[in-house]
Amino acid sequence: MAEVTVADFAKVLKVPVDRLLEQLDEAGIKVGGPNDVISEDAKLELLTHLKKNHGRKDATDSAPRRITLSRKSQSELKLASGQGRARTINVEVRQKRTYIKRDVLEEQARKQQEELDAARRAEEQARTAVDRAAQEEIERRAAAERERLAAEQREVDERKRAEDEQRRAAAADEAARARADEERRKATLAEKESQQRADAERARQKAKKERLMDEPAEGDHTLHVADGMAGRRKKKKQRRRSVPVSTDPQHGFEKPTEPIVREVEIGATITVSDLAQRMAVKANEVIKSLMKMGMMVTINQVLDQDTATLVVEEMGHAAKPLKDVAIEDELIESVAQAASGAEAVTRAPVVTIMGHVDHGKTSLLDYIRRTRVAAGEAGGITQHIGAYNVETPKGRITFLDTPGHAAFTAMRARGAKVTDIVVLVVAADDGVMPQTVEAINHARAGKVPLIVAVNKIDKPDANPQRVRTELLQHEIQVESLGGETLEVEVSATKKTNLDKLLDIIALQAEVLDLKANPDRPAEGTVVEAKLDRGRGPVATVLVQRGTLKVGDIVVAGSEWGRARALINDQGQQVPNAGPSTPVEVLGFAGTPEAGDRLAVVESEARAREITDYRQRQRREKASSGGKVGGSLEQMMSQLKTAGRKEFPLVVKADVQGSVEAIIGALDKLATDEVAARVLH
C-alpha cells in the first residue's frame, strides 16, 4: 500500500492541513508536519477521537465496522495532433478505499471455518451412510446366498430322497417280478415233472399189462415183446421175438432224464454264436429256430435283446435280460469291493490353475516349479494340461495348469472335474474377462472351493479393488469384503506373496481333510492323451485312489493295456504312483479319450470284455445317429441342413485336447451353405 502524508490525508478528508494537525494533536498522535507519513493505526485513533468529541460515549462498540473513503484527482494530458497542434485532455481519477475492522475479518473467517467444518461433517456422515448401506447390502447378499445354498441343499436332499424311494420301489418291483418269475418257473418245472411221472407211470402200467398178457404157462419164463415196442429207433415192423425175463419181481425200467433248463444272460445285443454257446447247443439249432420265426441270419449276426429272449424261451431255457450298463455296474461293484475294509490316509490336494488367457497362470506355476520342484527339466506332460508335483513346507501339492484360450473349454472343464481346489488367477490391470467367468462356472458346477489370486499387482495401472468389485457381479465375495472366498494379491514376475498363496492352499486342503486309500487297485482320470511316434499311445493319468503299478492291467474308456512304464512329471520312470500323482502311462493298445476314467482290472479277459462292450456301445450310438427319420425334431433339423455342402476333413493334432479345440472351432464356422464334416 502506498504511503500517505498528512497533507494528502487532509486533501482526502477535504479539511485544511492546520485543522488536521490540531485534531491529530488532540488525539495524542505526534506528527512533525504536513509532510510526515500517517499510518493506518493513526487514522483509526483519529477517527475514534473525533467520534468521542461528537458525543459518542462507546466509540469502540458503536464505531462502524467498515469505512469507505473516496478520492478524486484531476490532471491534464497534452497530446500532439497530426497537423502539429497540441490537444489538452482532462483526466479524472477516482479511487475508493474501504477499511474493515480486524474483528470483522476474524468473524468472517470463523464463520467460513464453521461452514467448512459443517460441510466436512456432512460429507463424513454421508460417506458413513454409504459405507453402512454397502455393508448392509453385502450382508443382505451373503444372507440371500446362504439362503439360496440352503434351499438348493434342501432341494438336492429332497430329490435324493425321492430318487432313493423310487429306487427302493423299483427294487421292490424288480424283486417281486423276480419272485413271480421264479414261482412261474418252479410251477412249470413241477408241472413238467408231474407230467413226466404220469407218463412214466402209464408206461409202467402198459409194460406190466403186456407182460401179464404175454406171460406163458407155468415153467416158461419167456416174455414176448410186440414188434415196434423195442425202442424209438425201430421204424419197421419186426416179427415177434422172445427175451428172457428175470424171476426178480423188480423190473428194469428207469425214469427218463429231466431236461436241463439254463438261465441265459442276454445283454442289449448278442451274436448268434454267443447265444448258442450260452445255451450249450449248436449254432445251427439257433439258426433253425430263427428261420421258423421268419428270420434269415448267419452265425455272426447280431441279435437284439427282444429277439434273443424269444429264441431262448422257444428252446426251453430261461432268459435273463441284462441292463445296458450291467458290465459297467459290475466294474464299479468290483472296484468298490476292492476298496472296502481298507484304511484311508491323507493325500495331497489337486489344485487347478484357471483364468483368462495372458493373466499369468503359467508364469505363476513356472516360478513355483523353479523354487519348489527338485532339479531337472519337466517332462512332456507339461505342454497342454500341465501336471506338477510341488513340495512345500506343509506337504506336497499337485498342480494342473489349464489353457486360458476360449477354444479350450473342454480342457478347463476336465481340470475342474478332477480337482480339489481351483485357484482363479485374475490380472489386476485387466479385471474379470470371459474365460474368468467360464472358470467360475466350471468351479461352481464341480462344487470345488475357489481361491482368488489377483496377479500383476506390480503394474502401474493395477487395481485389485476393481477385481473384487467385478467378482461381486458373479456372486464371488472375497474375505476383504466380508465374504468366505479366500484371496491373495500376488506378482509372478516380482515373486510377491507366492509363499502366502501356497500357505492358503495348504490351509484349504487341511479344512477339506482329503483322504484316499493307497492299498487298493488304482482309479484315476485321463487328463490328456496322444500317439507318440516312438512310444506309441501315451496317456497322462491323474491317479485319484489306490496305487498304479508297472504291470497292472488298466482300462480307460474303450481302450485297455498293460502298464509297461510309468513316467513322472520330471521325465523319470517310477515303479508306482499313489493318490494325487500325475504320470504318463505307456502300454495302451490304442489312444484313449481325454477325460476317460481309468481303472485297474484283474485279468485281460475282463479288460477285453469291458472294452468290447464300450466299443460296441460307441458303434451303435454312431450308427443310430446317422439314421434318417425318427423324431419330428430330427426331421426338421435334417430339412434345415438339406442341400448344405459338406467339406470333409481329417483332423490331425498332437494331443486329444487340441483335437477337441479344433473340432469345436470348425463347428462354430459352419453356415447355412457349407459346413465341415470331420471324417476322423
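Residues numbered from 1 in each chain as written. Predicted model: local features only at pLDDT ≥ 70, side-chain atom pairs only at ≥ 80, totals over all residues. Heavy atoms only, no water.

A. Main features of the overall build of the protein. Each helix and strand in the protein was counted, giving 17 helices and 27 strands. Residues classed as buried in the protein amount to 33% of the 680 residues present. By element, 50% of the accessible surface of the protein is carried by carbon and sulfur atoms, the whole surface being about 43200 Å². (Helix = DSSP H or I, 4+ residues; strand = E, 2+ residues; numbered from the N terminus. Buried < 20%, exposed > 50% of the residue type's maximum accessible area, 1.4 Å probe, protein only. Areas by Shrake-Rupley, 256 points an atom, 1.4 Å probe, with all protein chains shown as cover.)

B. Representation of the packing of helix α1 (residues 6–13) against helix α2 (residues 17–26) in the model. Where α1 contacts α2, the two axes come as close as 9 Å, and the packing angle between them is 105°. Classified by the angle between their axes, α1 and α2 sit roughly perpendicular to one another. The segment α1 lies against α2, with V6, A7, F9, A10 and L13 engaging V17, L20, L21 and L24. Looking at the contact of α1 with α2, its residues break down into 9 nonpolar, no polar and no charged. (Axes fitted to C-alpha atoms, helices over the stretch in contact; angles between N-to-C directions. Parallel < 35°, antiparallel > 145°, perpendicular 65-115°, else oblique. Contact = heavy atoms within 4.5 Å. Nonpolar A, V, L, I, M, F, W, Y, C, P; charged D, E, K, R; others polar.)

C. Expanded view of helix α13 (residues 464–472). When we look at burial in α13, the residues that qualify are P464, V467, R468, E470 and L471. Down the axis, α13 shows its buried residues gathered within 165° of arc, on one side only. Lining the buried residues of α13 we find β13 (421–427), α12 (434–445), β14 (450–455) and β15 (486–489). (Arc of directions from axis to C-beta.)

D. The packing of α2 against helix α3 (residues 40–53), seen in detail. Between α2 and α3, the shortest axis-to-axis distance is 9 Å and the interhelical angle comes to 85°. Taken together, the axes of α2 and α3 are roughly perpendicular relative to one another. Note on element contacts: α3 touches α2 through L46, H49, L50 and N53, opposite L20, Q23, L24 and E26. Residues of the contact of α2 with α3, tallied by class, amount to 4 nonpolar, 3 polar and 1 charged.

E. Broad picture of the pairing of strand β10 (residues 350–355). Most of β10 is tucked away: 6 of the 6 residues are buried. On β10, burial covers both faces: V350, T352 and M354 on one face and V351, I353 and G355 on the other are all buried. Summarising the sheet, β10 and strand β12 (residues 395–401) pair through 4 bridges and their orientation is parallel. Residue pairing across strands places I353 opposite D401, the latter belonging to β12. Bridge count for β10 against β13 is 5 bridges, and the pairing is parallel. Within β13, the position partnered with V351 by the bridge is I421. (Pairing = 2+ DSSP bridges.)

F. Quick peek at a nonpolar patch on the surface. On the surface, L77, L79, I89, V91 and V93 cluster together into a nonpolar patch covering about 330 Å² of accessible area. Listed by contribution, the elements that provide at least two residues to the nonpolar patch are β1 (66–80) and β2 (86–100). In terms of residues, the nonpolar patch owes the most to one element, β2, which gives 3 residues. By the secondary structure assignment, I89 is in strand β2. (Patch = residues over 30% accessible without salt bridge, like charges linked within 9 Å, V, L, I, M, F, W, Y side chains within 5 Å. Salt bridge = Lys/Arg side-chain N within 4 Å of Asp/Glu carboxyl O.)

G. Examining the environment of D532 more closely. Note on placement: D532 falls in strand β17 (residues 523–532). When the C-alpha positions of D532 and L586 are compared, they lie 10.0 Å apart, and in sequence the two are 54 residues distant. Among the polar contacts made by the side chain of D532, one reaches the main-chain amide nitrogen of G534 at a distance of 3.0 Å. (Polar contact = N/O pair within 3.5 Å; in protein donor to acceptor, adjacent residues only side chain to side chain.)

H. Up close: unusual backbone geometry. With a phi angle near 65°, E475 is a residue other than glycine that sits in the positive phi range. Looking at the element boundaries, E475 is found in the loop between α13 and β15. The backbone of S580 shows a phi angle near 65°, a positive value even though the residue is not glycine. Structurally, the position occupied by S580 is in the loop between β23 (576–577) and β24 (581–588).

In short, geometric facts, not functional conclusions.
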